[in-house]
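# Structural overview for review
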Amino acid sequence: MGRPYVRLLAAALLGAHATIAVAAAEYKIVTASERGTYFAIGKDLARLVAPDADIALEVLPTSGSAENVKLMRYEPGVKFAIVQADVFQAFVDRAAAGNAEAASMIRPLRVILPLYNTEIHYIVRADSELNYLHDIKDAKINGGLIGSGAALITHTLYRMMFSKPMPEANASFLSNEEALVKLISDKSVDVVVVAAGQPAPLIANMKPEAQKFIKLLKFDPDHPSSKTPLTTYSHATVRAASYPNLLAQDFTTVAVGAFLVTYDYNLQGTVSHMGRFARSLCRNFAALRAEGHPKWREVELAFPALGNGWSYYAPTTREIRTCLAEKARPPAKPKRLCSAEERILGLCN
């Protein structure tokens, strides 16, 4: 084998090694429906944060938060999940009550960052007699797919408001799209619940003519039935600007927090990439707010106290705090240039 051939072979091998060295880690984030806000948030992270962390982030649509917890725990490659606060807490509560399966799923999960409040949209027919959430007691309600956060909050809120579970005959678990068709066509559904941060793409993309067919229910924080729900959930304003084709004025609904979640990884390679992701999230936060979904403007790079059974992921928390401290540090004063006379006199250090 001649020397030129050896040199070419060595160069090829070195080139291949270099390609492998810079290849991005292939991770996945689980979200919700492709027409929902969680999916949009995942796309923003994949586009504006992951590349600077050497991560190729695939955004996966799912049925929602409950499925996301399971996928985060067991599905290979899933390193991030967006999870509704009440869903996370439901797993924590069941684990504390002795449910081994819930404990296995939730105990190794960690919070990277609290995100924003997810507004819950209750949609009814335009000619419906229902106007408030406390009117839905006898209605046929679609809470969303099994495994979705919307399904959990629909049934939890119903139980809280009316002190009893929703009758099985009145409950359905269709996708939002299927349920909206039934709401308008055969009227086998009276209420469609959409859990998504405003503007929810499914609703925001409706044409002005949709006002002839649907309207959104209001939440009255002062109604007696609202007292118990407000111990777990909060009330929020749905802005007319979020849905200009449907709304003439703002109104109040109920909302629940959303969190960016991961696993308690300890393998060096994964911990390193998660740290890079956190640094990139901090450094590109302004871009997320300027170019991403409007909900990013409600997110803060902060670590408020979590409930019992919840923990932050230490490597990402540490990186974000370090980044924030660096940003807060005053810029170094530019070094003053010495004049020729000062140099001659030996006054320049």
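Values in this document were obtained by computation on a predicted structure and should not be read as measured data.

Another point: the overall build of the protein chain. Summing up its helical and strand segments, the protein chain has 12 helices and 10 strands in all. In terms of overall size, the protein chain is more extended than a compact globule, its C-alpha atoms giving a radius of gyration of 25 Å where 349 residues would be expected to give roughly 20 Å. Expressed as lengths along the three principal axes of its C-alpha atoms, the size of the protein chain is roughly 90 × 65 × 45 Å. Here the protein chain, with 349 residues, has 48% of them falling under the buried criterion.

Here we come to the packing of helix α4 (residues 85-96) against helix α6 (residues 149-162). Angle between the axes and distance between the axes are the two parameters that describe a pair of packed helices. Axis separation between α4 and α6 bottoms out at 9 Å; the angle between their running directions is 75 degrees. Taken together, the axes of α4 and α6 lie roughly perpendicular to each other. Contact residues: Asp 86, Val 87 and Ala 90 in α4; Gly 149, Leu 152 and Ile 153 in α6.

Next up on the list: the side chain of Thr 62. As for its placement among the helices and strands, Thr 62 is situated in the loop between β2 (55-60) and α3 (65-74). A polar atom in the side chain of Thr 62 sits 3.1 Å from the backbone nitrogen of Gly 64. Here the side chain of Thr 62 touches Asn 68 through a polar contact of 2.7 Å, side chain to side chain. In this view, Thr 62 contacts Val 30, Thr 31, Ala 32, Ser 33, Glu 67, Asn 68 and Leu 71; residues no more than four positions away in its chain are not counted.

Let's shift gears to the state of the cysteines. By the definition in use, this model includes one disulfide. Disulfide partner of Cys 282: Cys 323, at an S-S distance of 2.0 Å. Because the torsion about its S-S bond is -85 degrees, the bridge between Cys 282 and Cys 323 counts as left-handed. Of this pair, Cys 282 sits in helix α9 (residues 268-283) while Cys 323 is found in helix α11 (residues 314-328), placing the two residues 41 residues apart along the sequence. Looking at Cys 282, the relative accessible area reads 0%, which means it is buried.

Here we take up the packing of aromatic side chains. Aromatic ring pairs are defined here through the distance separating the ring centres and the angle between the ring planes. Tallied over the full model, the rule gives seven aromatic pairs. Seen in terms of ring centroids, Tyr 263 and Tyr 265 are 5.1 Å apart; in terms of plane orientation they differ by 55 degrees. Their pairing is tilted. Since its relative accessible area comes to 23%, Tyr 263 is described here as partly exposed. Aromatic rings pair up to connect Tyr 27, Phe 80 and Phe 277 into one cluster.

All right, on to the nonpolar core then. Judged by nonpolar contacts, the single largest core of 85 residues is most densely connected at Leu 45, Leu 57, Phe 80, Tyr 122, Ile 136, Val 191 and Leu 260. With nine residues, strand β4 (residues 109-125) is the largest single contributor of residues to this core. Ile 123, Ala 196, Tyr 243 and Leu 246 belong to the second-largest nonpolar core, a separate cluster that totals 21 residues.

Relative to the helices and strands, Ala 81 is located in strand β3 (residues 78-84). For Ala 81, a relative accessible area of 0% translates into the label buried. In this structure, the C-alpha to C-alpha distance between Ala 81 and Ala 204, residues 123 residues apart in sequence, is 24 Å. Contacts of Ala 81, omitting those with residues within four sequence positions, involve Ile 29, Val 30, Asn 68, Met 72, Phe 259, Leu 260 and Val 261.

Turning our eyes to something else, we now look at the pairing of strand β1 (residues 25-30). Across six bridges, β1 lies against β2 in parallel orientation. In the strand pairing of β2, Val 30 is matched with Leu 60. Read as a crossover between parallel neighbours, the route from β1 over helix α2 (residues 37-48) to β2 is right-handed. Across three bridges, the pairing between β1 and β3 is parallel. Bridge assignment links Lys 28 to a residue of β3, and that residue is Val 78.

Before going further, it helps to examine unusual backbone geometry. With the exception of glycine, the majority of residues adopt a negative phi angle, and the majority of peptide bonds are in the trans configuration. The omega angle of the peptide bond from Gln 198 to Pro 199 is -5 degrees, so this bond is cis rather than trans. Mapped onto the fold, Pro 199 is located in the loop between β7 (191-195) and α8 (201-204). The backbone of Ser 163 sits at a positive phi, close to 60 degrees, despite the residue not being glycine. Following the sequence through the fold, Ser 163 ends up in the loop between α6 and β6 (171-172). The class of Ser 163 is exposed, set by a relative accessible area of 67%. One non-glycine residue, Lys 187, lies in the positive phi region at around 60 degrees. Along the polypeptide, Lys 187 turns up in the loop between α7 (176-184) and β7.

Below, the discussion takes up the pattern of salt bridges. Considering all chains together, one arrives at 11 salt bridges under this definition. Between Asp 54 and Arg 276 there is a salt bridge, with the nearest N and O atoms lying 3.3 Å from each other. With Asp 54 in the loop between α2 and β2 and Arg 276 in helix α9, this pair connects stretches of sequence that are 222 residues apart. Here the salt bridges share partners, and the residues they tie into one network are Asp 44, Arg 47 and Glu 291.

Reading the values: rules and limits
- Residues numbered from 1 in each chain as written.
- Predicted model: local features only at pLDDT ≥ 70, side-chain atom pairs only at ≥ 80, totals over all residues.
- Heavy atoms only, no water.
- Helix = DSSP H or I, 4+ residues; strand = E, 2+ residues; numbered from the N terminus.
- Rg over C-alpha atoms; globule rule 2.2 N^0.38 Å.
- Buried < 20%, exposed > 50% of the residue type's maximum accessible area, 1.4 Å probe, protein only.
- Axes fitted to C-alpha atoms, helices over the stretch in contact; angles between N-to-C directions.
- Parallel < 35°, antiparallel > 145°, perpendicular 65-115°, else oblique.
- Contact = heavy atoms within 4.5 Å.
- Polar contact = N/O pair within 3.5 Å; in protein donor to acceptor, adjacent residues only side chain to side chain.
- Disulfide = S-S within 2.5 Å.
- Phe/Tyr/Trp six-rings, centres within 6.5 Å; stacked < 30°, edge-to-face > 60°.
- Core = buried A, V, L, I, M, F, W, Y, C linked by side-chain atoms within 4.5 Å.
- Pairing = 2+ DSSP bridges.
- Right-handed = clockwise from strand over helix to strand, strands pointing away.
- Salt bridge = Lys/Arg side-chain N within 4 Å of Asp/Glu carboxyl O.

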